[in-house]
Amino acid sequence: MDRLAQTPRVLAAHERSGLPASSVYWHFKNKDALLAEVLEHSYTQWRSAEDGWERSDDGDVRQRFRGRHELRRYADGLERCIGCALCAAACPADAIYVEAGENTDAQRYSPGERFAKTYEINMLRCIFCGYCEDACPTDAIVLTDVYELSAGTRRDLIYTKDMLILPAPTGKPGTPQKVEEGKYNRPILPEGLVSEP
Ligand code: SF4
Ligand code: SF4
């Protein structure tokens, strides 16, 4: 009632007629028009409030928050993902699709035999449980604190490898790379060979 009495239309009618705000409902065509006026007024008030809601730009989300995924690389630009599909196996929502390809030293994407030729996450299925992150033996797939995930079509919410993978560190080549023969024949790098990005 208070909110309604403050709406411009009711106030105008109140001023014109001198009637109490409670008596001017007849200025509205029907209940929907009345409700629309109240909602619009409340929304305008909320938007203009001094301490209205604003998106936080300082990354200030809860530490445990799990948002958009990213696929990480090593400091030398090689991809951490080895296409093992353990993340897909662990995913309770069946949201991940991985297809492995074979590495060679002339065309190397990741250490070891295989890399992810195709890597997709269906964000419409994902429940952000983080099991994929826990299952990954190379810390390749990580959930970040990015929460703005809207898209215009369902197709745009199937995130491909190109959308998920981080760029190579500055000054380092991307993938595939031509590398020294036999240097990367293990899927997990010996400690000290390549540091964290
Ligand atoms: S966060 Fe959970 S539901 Fe989402 S892709 Fe990873 S395992 Fe699947
Ligand atoms: S993200 Fe990790 S668990 Fe998933 S395929 Fe790549 S290496 Fe395997």
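Let us look at the structure shown here. (Residues numbered from 1 in each chain as written. Chains lettered and ligands numbered in written order. Predicted model: local features only at pLDDT ≥ 70, side-chain atom pairs only at ≥ 80, totals over all residues.)

## Overview of the site of ligand 1
(1) Moving on: The local shell around ligand 1 holds 14 residues, among which Cys91, Cys126, Cys129, Tyr131 and Cys132 are the closest.
(2) Moving on: For the shell around ligand 1, the class distribution of residues is 13 nonpolar, one polar and no charged. (Near = placed C-beta within 6 Å. Nonpolar A, V, L, I, M, F, W, Y, C, P; charged D, E, K, R; others polar.)

## Observations regarding the nonpolar core
(1) Moving on: Counting 23 residues, the largest nonpolar core has Leu71, Cys81 and Ile96 as its most contacted members.
(2) Moving on: Residue assignment for this core shows that the elements contributing at least two residues are strand E2 (96-102) and strand E3 (114-122).
(3) Moving on: With residues near it in sequence (within four places) discarded, Cys81 still touches Leu71, Ser110, Phe115, Ala116, Tyr119, Thr138 and Ala140. (Core = buried A, V, L, I, M, F, W, Y, C linked by C-beta atoms within 7 Å. Buried ≥ 20, exposed ≤ 12 C-beta atoms within 10 Å, placed from the backbone. Helix = DSSP H or I, 4+ residues; strand = E, 2+ residues; numbered from the N terminus. Contact = placed C-beta atoms within 7 Å.)

## Re the site of ligand 2
(1) Moving on: Contacts to ligand 2 come from 14 residues, most closely from Cys81, Cys84, Cys87, Cys136 and Ile141.
(2) Moving on: Broken down by class, the residue content of the shell around ligand 2 amounts to 12 nonpolar, two polar and no charged.

## Brief notes about helix H3 (residues 31-48)
(1) Moving on: In a regular helix each residue adds 1.5 Å, so 18 residues correspond to 26 Å; H3 covers 26 Å between its end C-alpha atoms and thus fits that length.
(2) Moving on: Among the 18 residues of H3, zero are classified as buried, and the element is accordingly described as predominantly exposed. (Expected span 1.5 Å × (residues − 1).)

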